[in-house]
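Reading the structure
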Amino acid sequence: MEFSLHDDNGNGYKKIERYDDKTTNELAGHYKESLRLIGEDPEREGLEKTPLRVAKAMQFLTQGYEMDPVAILNSA
């Protein structure tokens, strides 16, 4: 996933969603297995895309670990 501190005009924060396919697919596989372990059928309608959604969500929620807080604050 990639985030920029400035938009094309150099103003503020701009979110650009790009997920690493390898990481996303590996995480999705683990979440699919987690669904199986709790007795769910990850292939059933309504759950088919859940492992991928959760994999992307986790990458989004943890993306701040790779960001420079000083640069973010200075861009405000």
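See the structure printed just above.
In this report, we go over the structure that sits alongside the text. Since this is a predicted model, take the numbers as computed values, not measurements.

A short note on helix 1 (residues 21-37)
If you check helix 1, its first and last C-alpha atoms are 24 Å apart, about what 17 residues at 1.5 Å a residue would give, namely 24 Å. For helix 1, the secondary structure elements touched by its buried residues are helix 2 (50-61). Trailing helix 1 by a residue or two, G39 shows a phi angle of about 90 degrees, which is positive.

Focus: the pattern of salt bridges
For the structure shown, the criterion picks out 4 salt bridges. In this structure, the salt-bridge partner of E43 is K32, at a minimum N-O distance of 2.6 Å. Remark: K32 occurs in helix 1 and E43 occurs in the loop between helix 1 and helix 2; sequence separation between them is 11 residues. Residue classification places E43 among the partly exposed positions, given a relative accessible area of 42%. On the basis of relative accessibility, which here comes to 28%, the residue K32 falls in the partly exposed class.

A closer look at the environment of A28
Tracing the backbone through its elements, the reader meets A28 in helix 1. Distance from A28 to K49, taken between C-alpha atoms, is 9.1 Å for residues 21 residues apart in sequence. Excluding its chain neighbours within four sequence positions, the residues that come into contact with A28 are P51, L52 and A55.

Remarks on the side chain of T50
Of note, T50 is situated in helix 2. In this structure the side chain of T50 is engaged in a polar contact, spanning 3.5 Å, whose partner is the backbone oxygen of G46.

Describing helix 2
Here helix 2 contains 12 residues, and its C-alpha end-to-end distance of 16 Å stays within 8% of the 16 Å for a straight helix at 1.5 Å per residue. Buried within helix 2 are the following residues: T50, P51, A55 and Q59. Buried residues along helix 2 sit against helix 1.

Brief notes about the packing of helix 1 against helix 2
Closest axis-to-axis distance for the helix 1/helix 2 pair is 8 Å, and the angle between their directions is 125 degrees. On the basis of their axis angle, the class for helix 1 and helix 2 is oblique. Between helix 1 and helix 2 lies a crossing of right-handed hand. On the side of helix 1, the interface is formed by T23, T24, L27, A28, Y31, K32 and L35, while helix 2 contributes T50, P51, L52, V54, A55, K56, M58 and Q59.

Calculation rules
- Residues numbered from 1 in each chain as written.
- Predicted model: local features only at pLDDT ≥ 70, side-chain atom pairs only at ≥ 80, totals over all residues.
- Heavy atoms only, no water.
- Helix = DSSP H or I, 4+ residues; strand = E, 2+ residues; numbered from the N terminus.
- Expected span 1.5 Å × (residues − 1).
- Contact = heavy atoms within 4.5 Å.
- Salt bridge = Lys/Arg side-chain N within 4 Å of Asp/Glu carboxyl O.
- Buried < 20%, exposed > 50% of the residue type's maximum accessible area, 1.4 Å probe, protein only.
- Polar contact = N/O pair within 3.5 Å; in protein donor to acceptor, adjacent residues only side chain to side chain.
- Axes fitted to C-alpha atoms, helices over the stretch in contact; angles between N-to-C directions.
- Parallel < 35°, antiparallel > 145°, perpendicular 65-115°, else oblique.
- Left-handed = near helix turned anticlockwise from the far one by under 90°.

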